[in-house]
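Overview (structure and organization)
Below, each chain spelled out in residue letters.
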Amino acid sequence: MLDNTVIRFDRLDARYLPGDMVTGDVIMHTVEPISARFLKISWHGEASVDFSKNTRKIYLSNYKMVWQSKNGVNQFPAGDHCFRFSFRIPADCPPNHCGYYGKIDYWIAVEMDRPWRRNLEGFKTFYVSKQTDLTSIDKSFLCPARFKNHRLSGTIFVDGGFTVQVIMSKRLFHLGETIRATVKIHNNTDKPIVSLKSDLVKQSHYHAMPNHQLCPMSTSQSCPLKAKHRRDEEEVLNSGEHAIHVAPFHTKHLDMKLTPHSALTPSFESDLVSIGYLWCFTVKSASLTGKELQCNARIVVVSEKKKTTTKKYTWDATIPPPPYSPRNDQI
Ligand SMILES: [Zn+2]
């Protein structure tokens, strides 16, 4: 590792959108000269999946030589050094993701090449979110929606049934926005309903190789790949269980709300990884059999309404950012 070296982004939270400029400095302090041939700052972004095969897709990759030895002297001088870096995030970069079957990472690396010795390296991660094009979202996510599930309670002696309805005024939410729903529980049994559990579930869908047909998690379309070339994963992000009491043969309305972490990955789809969210409600009856019933609502999470971070550099939103090209990346 490179000692006494700091990679510093101008944007302190190191969070960016496709099209943004990433700027910052590599600051080094060396006590004595180091035998070296060059010092390189590079930036990289890639998606990788690892199950039926190991596949990588590079979204961003370039570098800048910030120092090279002259005349074969090979001496990186002692003292304080500050090297500037600057590059633009291509338009097609998906958000960061870390899952069991795959991940999407972005990082800056500093490498000092030393003759006959192991290179000195340092790196720092930065984060890419997603600016969702709201016109591309299924309009039903902006409209009121109702989900319903019903089950009979009891097996041998059926003692009635209970129904759960999830009612939402919309299902599209910006990062940082509170998600709301009304849960209507109709208990037509002779036992009370005693608990309501709420889970925000992140669903990840993976392809073993880039596939031209994307699999948005907000639709019910089936994956075109064979089972061995796809994987699905679920992670519960926010979970809470509430003691309630819905008396036999009564109905109750409960207002539920949830504010997910602002660093949540927005819903997105790409040719290797897609991400979506479910808000799941589970009610439990005091009956000895047929106790649980689940009702789920699919939601879409999009980028913040307004960016709160301070930007030194902005990208004119009227100009579409360029896609990644290894030849025209900016230094
Ligand atoms: Zn798929």
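Residues numbered from 1 in each chain as written. Predicted model: local features only at pLDDT ≥ 70, side-chain atom pairs only at ≥ 80, totals over all residues.

1. Focus: the overall build of the protein
For the protein, the count of helices and strands is 0 helices and 22 strands. When each of the 331 residues of the protein is scored for burial, the buried share is 27%. Of the contacts formed within the protein by residues at least 6 apart in sequence, a portion of 75% connects residues at least 24 apart. (Helix = DSSP H or I, 4+ residues; strand = E, 2+ residues; numbered from the N terminus. Buried ≥ 20, exposed ≤ 12 C-beta atoms within 10 Å, placed from the backbone. Contact = placed C-beta atoms within 7 Å.)

2. Some points on unusual backbone geometry
Phi is positive for A14, which is not a glycine, with a value near 55°. Mapped onto the elements, A14 comes out in the loop between β1 (5-9) and β2 (15-16). Here A14 falls in the partly exposed class, since 19 other C-beta atoms lie within 10 Å of it.

3. Re the environment of I27
On the secondary structure map, I27 appears in strand β3 (residues 21-30). A count of 14 C-beta atoms within 10 Å places I27 in the partly exposed class. Residues I27 and D80, spaced 53 residues apart in sequence, show a C-alpha to C-alpha distance of 7.5 Å. Those residues in contact with I27 that sit more than four places away from it in its chain are V6, R8 and C82.

4. Describing the sheet that holds β1
The strand order β1-β3-β8 describes an open sheet built from 3 strands, whose pairing is antiparallel. Of all the strands in the sheet, the pair left with one neighbour each is β1 and β8 (79-88). The mean inter-strand angle of the sheet, taken between neighbouring strand axes irrespective of direction, is 15°. With 10 bridges connecting them, β3 and β8 associate as antiparallel partners. Paired with H29 across the strands is D80, a residue of β8. (Pairing = 2+ DSSP bridges. Axes fitted to C-alpha atoms, helices over the stretch in contact; angles between N-to-C directions.)

5. Brief notes about the sheet that holds strand β14 (residues 161-168)
Strand order in this open sheet of 4 strands is β13-β14-β16-β19, and the pairing throughout is antiparallel. For this open sheet the edge positions go to β13 (145-152) and β19 (250-258), each flanked by a neighbour on one side alone. When the angles between neighbouring strand axes are averaged without regard to direction, this sheet yields 15°. In the sheet, β13 pairs with β14 via 8 bridges, with the strands oriented antiparallel. Each bridged residue has a counterpart across the sheet, and for R146 the counterpart in β14 is I167.

6. Brief notes about the confidence of the model for the protein
Residues of the protein with pLDDT of at least 70 account for 89%, and the chain-wide mean is 86. Ignoring residues within four places in sequence, the model shows residues 308-322, a span with pLDDT below 50, making 21 contacts including any to other chains. Within the model, the stretch residues 325-331 combines pLDDT values under 50 with 10 contacts to residues more than four positions away or in other chains. (pLDDT = per-residue confidence, 0-100.)

7. Focus: the pairing of β3
Both β1 and β3 contribute to a ladder of 5 bridges, which runs antiparallel. Bridging across to β3, T5 finds its partner in M28.

8. Some details on the nonpolar core
Of all hydrophobic cores here, the largest spans 29 residues; its most connected members are V26, L60, I89, I108 and V273. For this core, the secondary-structure elements that each account for two or more residues are β3, β5 (38-50), β6 (54-68), β8, β10 (102-113) and β21 (273-285). If we ignore the near neighbours within four places in the chain, the residues touching V273 are A47, P94, H97, G102, I104, S204 and Y206. With 24 residues, the next largest nonpolar core counts V164, V183, I193 and V302 among its residues. (Core = buried A, V, L, I, M, F, W, Y, C linked by C-beta atoms within 7 Å.)

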